[in-house]
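Remarks on the overall topology
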Amino acid sequence: MGVKELKNNWFIKSQKLLKEIEQKKDIFIFTNSTVDGVISGSIILKSVFNNIGNATIRCAPEKIENTIDEIIHEKHDFYIFTDFNSDIIDNINKIFNEGNFLFINIDAITKSNNNNNYENIINPWLYNINGKEEISSAGLSYLLIKNFDRNSNNISYLPIIS
């Protein structure tokens, strides 16, 4: 697997996000408070607003385990997590078992044989691409939204900053 498969993954996920936007679903963007996390979440938020969608963004420290329960009780329709540690992926998959989320990060992760579901994960390591050296979470977010947001060119410089 490689770049071609990752591009296909971006397209599928962008269509999923666009569908949520067009249906005016309540989208909750939860970002790590790192520069990459904030820029990544902001890129997605800007795109949701460009397409007249409904979204909220919140930044949190690296450890999100303490705030997951709070987020669940808020009852949003769709969740996007950006730049959090890959260790939380299994918990996110269990909690949001309806597939109503996207998880975007660049930490090392490999597909395992324990039936993990990576359908809602955007991570370059799943495609044998080094996420720490070749792309940022903001870069992943930008490539996600540029598939449907024609106004995204005016923010194309942001992933370079992170």
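Our subject is the structure that appears above.
Now for a look at the structure at hand. Counting of residues starts from 1 at the beginning of each chain's written sequence and follows it residue by residue. Thresholds applied to this predicted model are a pLDDT of at least 70 for local features of residues and 80 or more for the giving and counting of side-chain atom pairs; totals over whole chains, interfaces and linings are not thresholded and use all residues. Computation of side-chain values: all heavy atoms of the structure, hydrogens and water removed.

1. Quick look at the packing of aromatic side chains
Cut-off, in case you're wondering: Any two of the Phe, Tyr and Trp rings considered here, Trp counted by its six-membered ring, make a pair once their centres fall within 6.5 Å; the pair's planes then place it as stacked at under 30 degrees, edge-to-face at over 60, or tilted in between. Runs of E in the DSSP output that reach at least two residues are strands. Runs of H or I that reach at least four are helices, and both are numbered from the N terminus. Think of it in three bands: with a 1.4 Å probe and only protein chains considered, a residue is buried below 20% of the maximum accessible area for its type, exposed above 50%, and partly exposed in between.
In the structure shown here, the tally under the stated rule is nine aromatic pairs. Between F28 and Y79 the ring centres are 6.2 Å apart and the planes differ by 65°, which places this aromatic pair in the edge-to-face class. Remark: Y79 occurs in strand β3 (residues 78–82) and F28 occurs in strand β1 (residues 26–32); sequence separation between them is 51 residues. Owing to a relative accessible area of 3%, Y79 belongs among the buried residues under this scheme. Ring centres 6.2 Å apart and planes at 85° place the aromatic pair F30 and F81 in the edge-to-face group. Taken as a pair, F30 in strand β1 and F81 in strand β3 lie far apart in primary sequence, 51 residues in all. Among the residues examined, F30 registers a relative accessible area of 1% and is labelled buried.

2. Describing the packing of helix α2 (residues 35–50) against helix α6 (residues 137–145)
Just so we agree on the cut-off: Simply put, an axis is a line fit to the C-alpha atoms, just over the touching stretch for a helix, and the angle between two N-to-C directions goes from 0 to 180 degrees. Angles are sorted into four bins: roughly parallel if under 35 degrees, roughly antiparallel if over 145, roughly perpendicular if 65 to 115, and oblique for all others. Working rule for handedness: look at the near helix, and if it is turned counterclockwise from the far one by less than a right angle, call the crossing left-handed; if clockwise, right-handed. The criterion used for residue contact is that any of the two residues' heavy atoms lie within 4.5 Å. Amino acids outside the nonpolar list (Ala, Val, Leu, Ile, Met, Phe, Trp, Tyr, Cys, Pro) and the charged list (Asp, Glu, Lys, Arg) are all regarded as polar, and Gly is one of them.
Two elements in contact, α2 and α6, have axes whose closest approach is 7 Å; the angle formed by their N-to-C orientations is 10°. Viewed along their axes, α2 and α6 adopt a mutual orientation that is roughly parallel. The chirality of how α2 crosses α6 is right-handed. Touching D36, I39, S40, I43, I44 and S47 of α2 are S137, A138, S141, Y142, L144 and I145, all from α6. Taken together, the residues that form the contact of α2 with α6 break down as seven nonpolar, four polar and one charged.

3. Examining the sheet that holds strand β5 (residues 121–122)
The line we're drawing: By definition, two strands form a pair when at least two bridges between them are found by DSSP.
One open sheet accounts for five strands, arranged β2-β1-β3-β4-β5; its pairing is parallel. What marks the edges here is a single partner per strand, and that holds for β2 (54–60) and β5. With four bridges joining them, β3 and strand β4 (residues 101–104) adopt parallel strand pairing. Bridge assignment links I80 to a residue of β4, and that residue is L102.

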